[in-house]
Amino acid sequence: MEISLFGFDQTIEDFEASLRRAVDDGFATYWTPQIFGMDALTAIAVAARAVPGIRVGTSVIPTYPRHPMMLAQQALTTQAATDGRLLLGIGLSHQPVVEGMWGMPFDRPVAHMRDYLEILTPLMRERRVSYAGETLTGRGEITPPPAEAPPVLVAALGPQMLRLAGRLADGTITWMTGPATIAELTAPTITAAAHEAGRPSPAVAVGLPVCVTNDVDAARARADRDFAIYGQLPSYRAMLDREGAATPADVAIIGTAAEVQERIRALEGCGTTTFAASAFGSRDELAATREALVGLLS
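Keep in mind it's a predicted model, so treat the numbers as computed, not measured. (Residues numbered from 1 in each chain as written. Predicted model: local features only at pLDDT ≥ 70, side-chain atom pairs only at ≥ 80, totals over all residues. Heavy atoms only, no water.)

Chemist: Sorry if this is basic, but what is going on with the nonpolar core here?
Modeler: Nonpolar side chains tend to gather and get buried jointly when the protein is soluble and globular. In this structure, Leu 88 and Ile 90 are the most contacted members of the largest nonpolar core, which totals 87 residues. At seven residues, helix H5 (residues 109-126) tops the list of elements feeding residues into this core. If we skip the residues at most four places from it in the chain, Ile 90 touches Val 60, Ile 61, Thr 63, Leu 71, Met 113, Tyr 116, Leu 117, Leu 120, Val 152, Leu 153, Val 154 and Ala 155. Membership of the second largest hydrophobic core comes to eight residues, among which are Phe 6, Trp 31, Leu 87 and Ile 173. (Core = buried A, V, L, I, M, F, W, Y, C linked by side-chain atoms within 4.5 Å. Buried < 20%, exposed > 50% of the residue type's maximum accessible area, 1.4 Å probe, protein only. Helix = DSSP H or I, 4+ residues; strand = E, 2+ residues; numbered from the N terminus. Contact = heavy atoms within 4.5 Å.)

Chemist: What's the story with the pairing of strand E7 (residues 137-141) in this structure? I'm lost.
Modeler: Where strand E6 (residues 128-132) meets E7, five bridges bridge the pair, whose relative direction is antiparallel. What sits directly across from Ser 130, in E7, is Arg 139. (Pairing = 2+ DSSP bridges.)

Chemist: Help me out: how do you make sense of the side chain of Arg 127 in this one?
Modeler: Residue position: Arg 127 is located in the loop between H5 and E6. Within the local environment of Arg 127, its side chain forms a polar contact with the backbone oxygen of Met 124, the two atoms lying 2.4 Å apart. Dropping the residues within four chain positions of it, Arg 127 is found in contact with Leu 76, Pro 122, Gly 140, Glu 141, Ile 142, Pro 144, Pro 145, Pro 146 and Ala 147. (Polar contact = N/O pair within 3.5 Å; in protein donor to acceptor, adjacent residues only side chain to side chain.)

Chemist: I tried to follow the pattern of salt bridges on my own but got confused; where do I start?
Modeler: When their charged atoms lie close together, side chains carrying opposite charge are able to pair. Applying the stated criterion to the full structure yields 14 salt bridges. Across the pair Glu 2 and Arg 55 runs a salt bridge whose closest N-O atoms are separated by 2.5 Å. With Glu 2 in strand E1 (residues 2-6) and Arg 55 in strand E3 (residues 55-58), the pair connects residues that are 53 residues apart, well separated along the chain. In this structure Glu 2 comes out as partly exposed when scored by relative accessible area, which is 23%. Note on Arg 55: relative accessible area 34%, which makes it partly exposed. The partner of Arg 199 in a salt bridge is Asp 170, with the nearest N and O atoms 3.1 Å apart. (Salt bridge = Lys/Arg side-chain N within 4 Å of Asp/Glu carboxyl O.)

Encoded structure:
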């Protein structure tokens, strides 16, 4: 199981500095989100081009605002700029965002993602597509700079989306999904679907908050404060409920360095292929967390 980092950098300069530090510490992969700050693919094309030696993934690009033909061009351009080090994570986003902020219907998310992948992946591999689905159509050719198609990971949480990701993508990347759910639902469902489709075993990237601390109660309170939104959004709430977790703090990895390392190592036995650590806490806790994560690399 690979140990990677999940960062929330606010500027290109911060992002580049985070990548340099990650390389210096020995990490092979760094993940960045696409929320309401920097555009992830633009930031990766700039910052990762300046920092060789590390793969950089999006976790995740929302599909609804970008037609898959446009995303294919963006992703392949970024892949060319970074010499093939992009990991393309994509996801639906959430109904309150898609409908409330963008004014788009969110009534057929699985069909939308199926059509999206049926356009995106052939286009990135072959530079042409001709597909008319139930929710999206893609017909045409693109001529981006030469680059291999990046791996595509889908933010798949429920069974239908996991089976779809297994058939049509290279893996999944999760957030706020605990170890029991990874072991009982995520890993077996996506892996079975991939094998049934004649595809290799998929990547199962698992992202969770991490804090090495001597004050567990305070860290749990901070986790519930900092990550409160994930206890409210329906898709993440469903994963917390399935895990038997009342709040995000119940799936966050919090404790002493030894306890944190033990819990992270245990994720491999659940089917995790990559762990993406999102460190949180005070300055001292962040330093202790980083040290514990670096310790897992050896």
